[in-house]
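# Fold and geometry: a report
The primary structure of each chain is shown beneath.
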Amino acid sequence: MANKNLNAAKTAKKDEFYTQMADIERELQHYWQHFANKVVLCNCDDPYESNFFKYFALNFNQLGLKKLICTCFDGSPVQGNELLLDFGDFSDDPKKVAYKVEITEVRDLNGDGAVDLADVQYLLKNDKNAISLLKQHGDFRSAECIELLKQADIVVTNPPFSLFREYIGQLMQYEKKFLIVGNQGAIIYKEIFPCVINNKIWLGYGFKGGAAHFVSPYEDNATASDHKEGMIRVSGVHWFTNLEIPKRNDPIDLINKYTSEEYPTYDNYDAINVDKTQDIPCDYPGVMGVPITFLDKYNPEQFEILGMCENMDLYHLKTKMYTTEECRAAYFKKFGKKGTYDLNASGVIIKNGIKEKVYSRILIRNKHPQTL
Ligand SMILES: C[S@@+](CC[C@H](N)C(=O)[O-])C[C@H]1O[C@@H](n2cnc3c(N)ncnc32)[C@H](O)[C@@H]1O
């Protein structure tokens, strides 16, 4: 890839990460039952570049879709290439056109005996009703895109990372079913986590090893063994959804039993600390602080989520707020020098008289703790 392309990418907002077909297929295989007779919207997807469009166009008949709508954004610095991804004219002369594609059937249009990508290309070239220009830039927040959103039953895409809060907020506002890619860390955003607590958003099956390789014009910092040509490796990405999936009914196998030595109680929450999801004690009836990775295994029949350890006490679970003086004293005791240990930002356990902050924790309760 030419350097000028990389430089242009650096100055742009870093939202150009194109999802691979294999990743889409691996996740979507678990959701097929949801799509029969449904209108699917991919609203951050240039049909000529997006594998989401390609996936739904190619599986249109097998999924039994009613309609596929794709819209693309004219702000994309790489928009306007052909179905095969190619960032050739990334910085020089991007064709900035926003348009939508609407498909209500996919047939063997070229008469070669198969329904495949060639038919989709044929359709886009020959059916004037299939493609039309958008007037408002293709921004998912624009009035015309919102009209399309209203028509949709299920929204499936990888939206711009930089607008994730707004994007998911809009889906919730219009009460849409969705399956979207996002940074796993977004699950604890204060706008999103309450939806997780209320079982309105959960995590899908996920990417291999929690990381994805996206086709992208940006420079890749992955180690040589993880590097793939023309791609960028992004760790901590996941699928966010509100579509029912079998995974949600799988309980976590709990083997460990509670002991006060192994599971210390926080100094600032009425809860015990659990360092690994698989170590959740099967018999503890009270509140437990577990790592965020728990959400990947969360079964709402087995557990309820109450909140998380965080600064603002948004979930009203703190039993104490430390004073500035206490934070300074804790820092001095732990590190032997002046400073402030922000004890209010997390759960705190006391080890050998020293206050220790614990990594991010979600506070949960087992709905059916073992009693024997
Ligand atoms: C992470 S990329 C993913 C592209 C495609 N969905 C895929 O998975 O291959 C996000 C896309 O959203 C586009 N985008 C950025 N801001 C947007 C907006 N306000 N409305 C719609 N699309 C936007 C970007 O140009 C980019 O192409």
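Because the structure is a prediction, the values reported are computed rather than measured.

The subject of this paragraph is the sheet that holds strand 6 (residues 177-183). Think of a sheet as strands paired side by side through backbone hydrogen bonds, with each pair either parallel or antiparallel. The mixed open sheet is built from eight strands, whose spatial order is 4-3-2-1-5-6-10-7. If you trace the sheet from one side to the other, it starts and ends with strand 4 (131-133) and strand 7 (202-203), each paired once. Direction of pairing for strand 1 (residues 39-42) relative to strand 2 (residues 67-71): parallel, over a ladder of four bridges. Paired with Cys42 across the strands is Cys70, a residue of strand 2.

Burial in helix 5 (residues 117-126) covers these residues: Asp119, Val120 and Leu123. Down the axis, helix 5 shows its buried residues gathered within 100° of arc, on one side only. Residues Leu117, Lys125 and Asn126 are exposed on helix 5 and point more than 90 degrees away from its buried face.

Let's shift gears to the domain arrangement of the chain. Partitioning the chain into domains gives domain 1 (3-248) and domain 2 (271-366). Looking at the side of domain 1 that touches domain 2, the elements with two or more residues in it are helix 8 (193-197) and strand 7. Examining the composition of the side of domain 1 that touches domain 2, we find that three residues originate from one element, helix 8, more than from any other. Residues that form the side of domain 1 that touches domain 2 fall into these classes: seven nonpolar, two polar and two charged.

Okay, the sheet that holds strand 16 (residues 362-366) next. Spatially, 11-12-16-13 is the arrangement adopted by the four strands of the open sheet, whose pairing is mixed. If you trace the sheet from one side to the other, it starts and ends with strand 11 (271-273) and strand 13 (303-308), each paired once. The sheet shows a mean angle of 35° between the axes of neighbouring strands, taken without regard to direction. Bridge count for strand 11 against strand 12 (residues 287-290) is three bridges, and the pairing is parallel. For Ala271, the partnering residue across the bridge sits in strand 12 and is Val287.

Ranked by size, the top nonpolar core spans 85 residues in total, and within it Val40, Phe56, Leu68, Val155 and Val156 carry the most contacts. With five residues, helix 3 (residues 51-58) is the largest single contributor of residues to this core. A domain-level breakdown of this core finds at least three residues from each of domain 1 (3-248) and domain 2 (271-366). For Leu68, the residues in contact, after removing those within four places along its chain, are Val40, Phe56, Ala57, Phe60 and Ile103.

Thresholds, definitions, all that
- Residues numbered from 1 in each chain as written.
- Predicted model: local features only at pLDDT ≥ 70, side-chain atom pairs only at ≥ 80, totals over all residues.
- Pairing = 2+ DSSP bridges.
- Helix = DSSP H or I, 4+ residues; strand = E, 2+ residues; numbered from the N terminus.
- Buried ≥ 20, exposed ≤ 12 C-beta atoms within 10 Å, placed from the backbone.
- Arc of directions from axis to C-beta.
- Domains from an automatic or database assignment.
- Nonpolar A, V, L, I, M, F, W, Y, C, P; charged D, E, K, R; others polar.
- Axes fitted to C-alpha atoms, helices over the stretch in contact; angles between N-to-C directions.
- Core = buried A, V, L, I, M, F, W, Y, C linked by C-beta atoms within 7 Å.
- Contact = placed C-beta atoms within 7 Å.

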